[in-house]
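Examination of the molecular architecture
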Amino acid sequence: MTSETADPRARILSAISDQLEQLAARVGDDVEQHTQAGAGHVPEGFVIYYLTDETGEPLKNTHTADRGVTMSDISETRGYQTLLAYCDKRSYHLRIDEHFYADEPRPTTIYRVVVDGWD
């Protein structure tokens, strides 16, 4: 067992990075699909993805905070940097934000990856 798999913080950052890297492989197709006008389809100006935890549920800030993971840590992952480079090449804007999820049992947000800004 490597230290990365034994360390909960490293494990969650690795999982987030992997998700972001997978988004880099599909975001171009998703943007193309969302910009297509057609019968019954109005072009959209953004795509949103939600980061998920190991069970497939939305990744909550309570989960990351419990492991000492910050937004800055997420933006420093290999996957984020890969996705950012992909978006920059195509003049897309990329951001990750925290979206309200629940107040109980404590204030909770989930992580959204938003890509927009194309013509």
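Residues numbered from 1 in each chain as written. Predicted model: local features only at pLDDT ≥ 70, side-chain atom pairs only at ≥ 80, totals over all residues. Heavy atoms only, no water.

Here's the deal with the overall build of the protein
Using the following cut-off: Every helix listed is a DSSP run of H or I at least four residues long, and every strand listed is a run of E at least two residues long, numbered separately from the N terminus. Note on classification: 1.4 Å probe, protein chains only; a residue is buried when its accessible area is under 20% of the maximum for its type, exposed when over 50%, partly exposed between these limits. Pairs of residues are marked as contacts when any of their non-hydrogen atoms sit within 4.5 Å. In this description, accessible areas are obtained by the Shrake-Rupley approach with a 1.4 Å probe, and a residue is regarded as covered only by the protein chains that are shown.
When you go through the protein residue by residue, the secondary structure sums to 5 helices and 3 strands. Mapped in sequence order, the helices and strands of the protein form the string α-α-β-α-α-α-β-β. Classification of the 119 residues of the protein by burial places 37% in the buried group. Within the protein, contacts between residues separated by at least 24 positions form 61% of all contacts whose residues are at least 6 apart in sequence. With the model as given, the accessible surface of the protein reaches about 7200 Å², and the carbon-plus-sulfur share is 50%.

As for the sheet that holds strand 1 (residues 46-50)
The criterion, for reference: Strand pairing is defined by DSSP finding a minimum of two bridges between the two strands. Structural elements are reduced to axes, namely lines fitted to C-alpha atoms, with helices fitted over the stretch in contact, and the angle between N-to-C directions of any two is expressed from 0 to 180 degrees.
Spatially, 3 strands are ordered 1-3-2 in an open sheet, and the strand pairing comes out antiparallel. Of all strands in the sheet, those with a lone pairing partner are strand 1 and strand 2 (93-102), marking the two edges. Across this sheet, the average inter-strand angle for adjacent strands is 30 degrees, counted without regard to direction. As paired strands, strand 2 and strand 3 (residues 108-116) are joined by 9 bridges and run antiparallel to one another. Note on strand 3: the bridge partner recorded for Glu98 is Tyr111. Contacts from helix 2 (residues 8-35) reach strand 1, strand 2 and strand 3 within the one sheet, and its direction differs from that of strand 1 by about 150 degrees. In the packing of helix 5 (residues 78-89) onto the sheet, the strands contacted are strand 2 and strand 3, and the crossing angle to strand 2 comes to about 125 degrees.

With respect to the pattern of salt bridges
The cut-off we apply is this: Criterion for a salt bridge: a side-chain nitrogen of Lys or Arg within 4 Å of a carboxyl oxygen of Asp or Glu.
By the definition in use, this model includes 8 salt bridges. Close ionic contact of Asp66 with Arg106 constitutes a salt bridge, the shortest N to O distance being 3.0 Å. One end of the pair, Asp66, is in the loop between helix 3 (61-65) and helix 4 (71-75); the other, Arg106, is in the loop between strand 2 and strand 3, with 40 residues separating them in the sequence. For Arg106, a relative accessible area of 39% gives the class partly exposed. With a closest N to O distance of 3.4 Å, Arg95 and Asp116 form a salt bridge. Residue Arg95 is found in strand 2, and its partner Asp116 is found in strand 3; the two are separated by 21 residues along the sequence. What makes Arg95 partly exposed here is its relative accessible area of 38%. The network of salt bridges with shared partners includes Arg95, Asp97, Arg112 and Asp116.

Concerning unusual backbone geometry
It is generally the case that most residues other than glycine have a negative phi and that most peptide bonds are trans. Residue Pro105 follows Glu104 across a cis peptide bond; omega there is 0 degrees. Along the chain, the position of Pro105 falls in the loop between strand 2 and strand 3. Located in the positive-phi region is Ser91, a residue other than glycine, with phi close to 60 degrees. Position of Ser91 among the secondary structure elements: in the loop between helix 5 and strand 2.

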